[in-house]
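# Per-entry structural report
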Amino acid sequence: MAHVTATLAEIEAMLPIIFANKVIQPFILLGMMGTAKTEFVKTIVLEAFAKSRGVDPSKVALILEKVGTGREACEISGFAIPSVDENGDNVTTFSKPPLIVEIERLKALGFTHFMIFLDELAQASDDIQCLARDIVDMGEKHIKNWPLPDDALIVGAGNRPTDKSNSKRLLSHLGNTVRIFEVEQCATGFAEYARGAGIHPLVWGCALASADSHHESSKFFAETTPVEYVQACTPRSATNMSRDLVAYFATHPKGDRAPINSGIIAKLIKSNIGSEAASTLFSYASMVHKVPTARDIQHDPSTAILPHLDGSDRVDVGMAMIAADVAMSSSSDAMSADRAFTYIMRLPIEVMITNGKRMLRRMAIGDGITETDGKSWVTNNPLVNKFQMEYKDIL
């Protein structure tokens with residue numbers, strides 16, 4: 001039996017319950033490499049902890065301890081120092097643990113709350129795991145008899161033994177003191193993050209489309225570490241690959257319609273996500289013909305094609321995002337912006353809201369440089385007024 005599996009979104013929903021207690025039980029996130037565990041802890045978990053304590057996140061000190069391969073327990077617990085006592089006897093004393101020194105330094109700087117993040121814990125030596133046991137045990141919560149702050153949040157993360165990253169099973173007496181979640185891949189969660197992080201729509205659109213597919217051959221993200229010595233597609237490697245796509249499309253005459261399934265760009269893509277995921281991406285990218293051209297949108301935005309999924313009435317959100325970019329780029333004056341806005345209002349709601357806001361900002365700038373220099377594009381499109389009224393709380 002494996003540990004309980006949960007997506008990062010599910011774990012985020014659990015945090016208010018976990019943080020409801022004054023003394024918080026530590027938890028550990030295990031999972032495949034590149035699944036955003038570390039970033040999740042450093043951002044979402046820290047912000048939720050700060051909110052539960054009624055403090056600004058800037059008042060929470062993040063202490064990141066990478067305790068994996070190559071670390072010695074004495075680097076964390078302190079060093080043994082031979083000395084002589086007042087009676088002349090040889091004795092051994094210990095230096096103050098560096099973690100305690102760091103907490104004291106941060107307290108002096110004005111930090112009031114602390115999150116101790118034991119990253120790569122599953123790759124740590126047995127000595128470090130034994131040391132960590134007293135750190136994560138709510139009844140102990142000390143390091144070599146030096147107490148940790150009562151309200152400190154302690155979180156761990158690491159890979160699984162099957163992930164071929166020099167990780168191993170957590171020692172049983174350590175695992176018995178904490179919550180353990182095995183992080184499950186979630187294309188929807190990745191897409192939500194990717195939209196705001198500048199990741200190309202082809203990447204997160206492909207992740208969503210492949211998650212809906214029932215064919216194993218069309219999967220985008222790897223669910224386990226490959227047995228073969230090949231690259232695996234994870235949120236991290238897909239994010240890195242997106243940078244090449246953005247640069248390639250920006251310099252190609254055909255823009256987002258440029259082919260990606262051959263030549264140097266294909267090899268760049270495979271170098272990050274592997275051949276199998278690349279094939280899935282190439283197949284998804286071939287749907288770009290379903291995206292209307294700027295001429296189509298400007299000719300008649302109410303009838304210009306929508307990028308539907310094959311054999312479905314649903315509009316593909318990744319391709320819809322590309323279509324919205326085409327609409328935005330087709331705007332050069334008030335009338336063309338009016339038509340672009342009309343087309344954007346036909347897209348799926350998550351794409352429509354994001355790009356409706358972008359389009360309003362573009363119209364406000366108009367022919368100027370800023371929104372305040374009086375050169376905005378004025379439109380009488382009733383859809384603009386309707387959008388502003390319906391979504392005034394988020395505009």
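What comes next is a walk through the structure. (Residues numbered from 1 in each chain as written. Predicted model: local features only at pLDDT ≥ 70, side-chain atom pairs only at ≥ 80, totals over all residues. Heavy atoms only, no water.)

Attention now moves to the overall build of the protein. Helix and strand counts for the protein come out as 15 helices and ten strands. Overall, the protein is about 95 × 50 × 35 Å in size when its C-alpha atoms are taken along their principal axes. Across the 395 residues that make up the protein, the buried fraction comes to 47%. Counting contacts in the protein only where the partners sit at least 6 residues apart, residues at least 24 apart contribute 66% of the total. Of the roughly 20400 Å² that the protein leaves accessible, carbon and sulfur atoms contribute 53%. The centroid of the 39 positive side-chain charges in the protein is displaced by 4 Å from the centroid of its 47 negative side-chain charges. (Helix = DSSP H or I, 4+ residues; strand = E, 2+ residues; numbered from the N terminus. Buried < 20%, exposed > 50% of the residue type's maximum accessible area, 1.4 Å probe, protein only. Contact = heavy atoms within 4.5 Å. Areas by Shrake-Rupley, 256 points an atom, 1.4 Å probe, with all protein chains shown as cover. Lys, Arg positive; Asp, Glu negative; His and termini not counted. Charge placed at Lys NZ, Arg CZ, Asp CG, Glu CD.)

A separate point is the packing of aromatic side chains. Scanning the entire structure with this criterion turns up seven aromatic pairs. Considering the side-chain rings of phenylalanine 19 and phenylalanine 49, the 5.8 Å spacing of their centres and the 70° angle between planes classify their relative orientation as edge-to-face. With phenylalanine 19 in the loop between α1 (8–18) and β2 (27–30) and phenylalanine 49 in helix α2 (residues 37–53), this pair connects stretches of sequence that are 30 residues apart. Measuring from centroid to centroid gives 6.4 Å for phenylalanine 27 and phenylalanine 181, while their planes differ by 70°, and the two rings are edge-to-face. Remark: phenylalanine 181 occurs in strand β10 (residues 179–183) and phenylalanine 27 occurs in strand β2; sequence separation between them is 154 residues. A connected cluster of aromatic rings, assembled from ring pairs, spans Phe190, Phe220 and Phe221. If you follow lysine 144 out to its NZ or CZ, it ends over the ring of phenylalanine 94, 6.0 Å from the centre. Between arginine 195 and the ring centre of tryptophan 204, over which it is positioned, the NZ or CZ distance is 4.7 Å. (Phe/Tyr/Trp six-rings, centres within 6.5 Å; stacked < 30°, edge-to-face > 60°. Lys NZ or Arg CZ within 6 Å of the ring centre and 35° of its normal.)

On to the state of the cysteines, then. All chains considered together, the criterion is met by zero disulfides. Here cysteine 130 stays free of any disulfide, with the sulfur of cysteine 74 as its closest cysteine sulfur at 15 Å. (Disulfide = S-S within 2.5 Å.)

Moving on, we come to the nonpolar core. Core analysis: the biggest nonpolar cluster contains 66 residues, and Phe220, Ile260 and Ile269 have the highest contact counts within it. Elements with a minimum of two residues in this core: α7 (187–196), α8 (201–212), α9 (235–251), α10 (263–285), α12 (317–329), α13 (334–344), α14 (349–365) and α15 (382–390). Residues within four places of isoleucine 260 in sequence aside, it is in contact with Leu202, Leu245, Tyr248, Phe249, Ile265, Ala266, Ile269, Leu281, Phe282 and Ala285. Formed by 30 residues, the second largest nonpolar core is a distinct cluster that contains Ile28, Ile103, Leu106 and Leu118. (Core = buried A, V, L, I, M, F, W, Y, C linked by side-chain atoms within 4.5 Å.)

Here the focus is the sheet that holds strand β3 (residues 60–66). Sheet strands line up and pair through hydrogen bonds in the backbone, either parallel or antiparallel. The strand order across the open sheet built from six strands is β1-β10-β2-β9-β6-β3, with neighbouring strands paired in parallel fashion. Of all strands in the sheet, those with a lone pairing partner are β1 (5–6) and β3, marking the two edges. Where strand β6 (residues 113–119) lies against strand β9 (residues 153–158), four bridges are found, and the strand directions are parallel. Bridging from a neighbouring strand, isoleucine 116 pairs with isoleucine 154 of β9. Where α2 meets the sheet, it contacts β2, β3, β6, β9 and β10, and its direction lies at approximately 160° from that of β6. On the sheet, helix α4 (residues 98–108) packs against β3 and β6 and is oriented at approximately 160° with respect to β3. (Pairing = 2+ DSSP bridges. Axes fitted to C-alpha atoms, helices over the stretch in contact; angles between N-to-C directions.)

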